[in-house]
Amino acid sequence: MIRALLVLLAALGAAPVAALDCNDIAYDGNRFTVCEVDASTEKLQLFLRNDQGKVYGQFSAIDAALAQDGQKLAFATNAGMYHSDRSPVGLYIENQQQQMRLIPNAGPGNFGLLPNGVFCMRPGRADVYESLQYRDSGVNCTHATQSGPMLVIEGELHPRFLVDSNSYYIRNGVGTSADGKRVVFAISRNAVTFHQFGRLFRDHLKLPSALYFDGNISRLHAPSVGRSDNGFMMGPVVGVVEAND
């Protein structure tokens, strides 16, 4: 009996950790949906336009295109700010093709609240870089999107974030571990400040780097928690692609 129990416990201990895991959580009085992705095993990529050059705009349009190749969108969220025609505000690379250049200088709005950053995906890993760090790194990203502001920079919150801020919005973003394997996407389920959102990544998720994607237009596709948001047409979208069983 004891031997059988030990064998069972060993088997459970050896069970693989889910490569994509989404959960609703509460932290510091706020509610979030958090999706963790293992970049060493999952296929992360960006989506903007289909083969005919038409902006996808909705999760359902991306999923329908993937289905033609026997694939599905296992997770997705909007990934950075865009102009009225849905073109990216800053750096955008999709399938190794750069469609928009890096914007290194300050500017209006959240995007220009320096330091801002780049979410870079390449085989086996994904990283959040501060924009000037990315510019000087020489790294080659298969997919990349620039947004801003940075939420967490080398373990510190963005210097412009205020504890007593009265700017509350739904917010979404992404954080990465130092080895580039652990990628965590989060979207708030109630309005939060930048300071509160940054603390989620730094203090609760324990991630050294994190980047803000957007505010009220933020949306999430996470079938595992029964959620796939509709709304206005989106620009860049980041997602996990899996085989359609």
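Let us look at the structure shown here.

Examining the packing of aromatic side chains
Scanning the entire structure with this criterion turns up nine aromatic pairs. Ring geometry for Phe-75 and Phe-185: centres 4.8 Å apart, planes at 40 degrees, overall tilted. Here Phe-75 is found in strand S4 (residues 71-78), whereas its partner Phe-185 is found in strand S13 (residues 182-188), with 110 residues between them in sequence. On the basis of relative accessibility, which here comes to 0%, the residue Phe-75 falls in the buried class. Here Phe-197 and Phe-201 contribute two aromatic rings whose centre-to-centre distance is 5.3 Å and whose plane-to-plane angle is 80 degrees, an arrangement assigned as edge-to-face. With Phe-197 and Phe-201 both in helix H4 (residues 194-204) and four residues apart, the pair spans about one turn of that helix. Just as Phe-197 is buried, Phe-201 falls in that class too. In textbook terms, an aromatic cluster arises when at least three aromatic residues are bridged by ring pairs, as seen for Phe-75, Phe-119, Phe-185 and Phe-213. Over the face of the ring belonging to Phe-194 we find Arg-171, whose NZ or CZ atom lies 4.0 Å from the ring centre.

A short note on the state of the cysteines
Put plainly, a disulfide is one covalent bond tying together the sulfur atoms of two cysteines. According to the stated counting rule, one finds two disulfides in the structure shown. Here Cys-22 engages in a disulfide with Cys-35; their sulfurs sit 2.1 Å apart. Note on the Cys-22 and Cys-35 pair: the S-S dihedral is about 115 degrees, so by sign convention the disulfide is right-handed. With Cys-22 in strand S1 (residues 20-27) and Cys-35 in strand S2 (residues 30-38), the pair connects residues that are 13 residues apart, well separated along the chain. Residue Cys-22 is classed as buried on the basis of its relative accessible area, which comes to 6%. Note that Cys-120 is cross-linked by a disulfide to Cys-141, the S-S spacing being 2.1 Å. One quick way to see it: the torsion about the S-S bond of Cys-120 and Cys-141 is about -110 degrees, and its sign makes the bridge left-handed. Taken together, the positions of Cys-120 in strand S7 (residues 117-122) and Cys-141 in the loop between helix H3 (131-137) and strand S9 (143-147) put the pair 21 residues apart, joining distant regions of the chain. Cysteines bonded in the protein are numbered consecutively along the chain; their disulfide partners then correspond to 1-2, 3-4.

Some points on empty space enclosed by the protein
Once rolled over the atoms, a probe with the size of a water molecule shows which space is left empty. For the structure on display, the rule yields two cavities of 30 Å³ or more. Taken together, Thr-33, Cys-35, Phe-75, Thr-77, Asn-172, Gly-173, Phe-185, Ala-186, Ile-187 and Leu-220 form the lining of the largest cavity. At the level of secondary structure, the elements contributing two or more residues to the lining of the largest cavity comprise S2, S4, strand S12 (172-176) and S13. In terms of residues, the lining of the largest cavity owes the most to one element, S13, which gives three residues. Within this model, the second largest cavity holds a volume of roughly 30 Å³.

About the cut-offs
- Residues numbered from 1 in each chain as written.
- Predicted model: local features only at pLDDT ≥ 70, side-chain atom pairs only at ≥ 80, totals over all residues.
- Heavy atoms only, no water.
- Phe/Tyr/Trp six-rings, centres within 6.5 Å; stacked < 30°, edge-to-face > 60°.
- Helix = DSSP H or I, 4+ residues; strand = E, 2+ residues; numbered from the N terminus.
- Buried < 20%, exposed > 50% of the residue type's maximum accessible area, 1.4 Å probe, protein only.
- Lys NZ or Arg CZ within 6 Å of the ring centre and 35° of its normal.
- Disulfide = S-S within 2.5 Å.
- 1 Å grid on protein atoms, 1.4 Å probe; cavity = no way out; pocket = protein on both sides within 12 Å on 5 of 7 lines; lining within 4 Å.
- Points joined across faces, edges and corners; volume = space filled by probe spheres on them.

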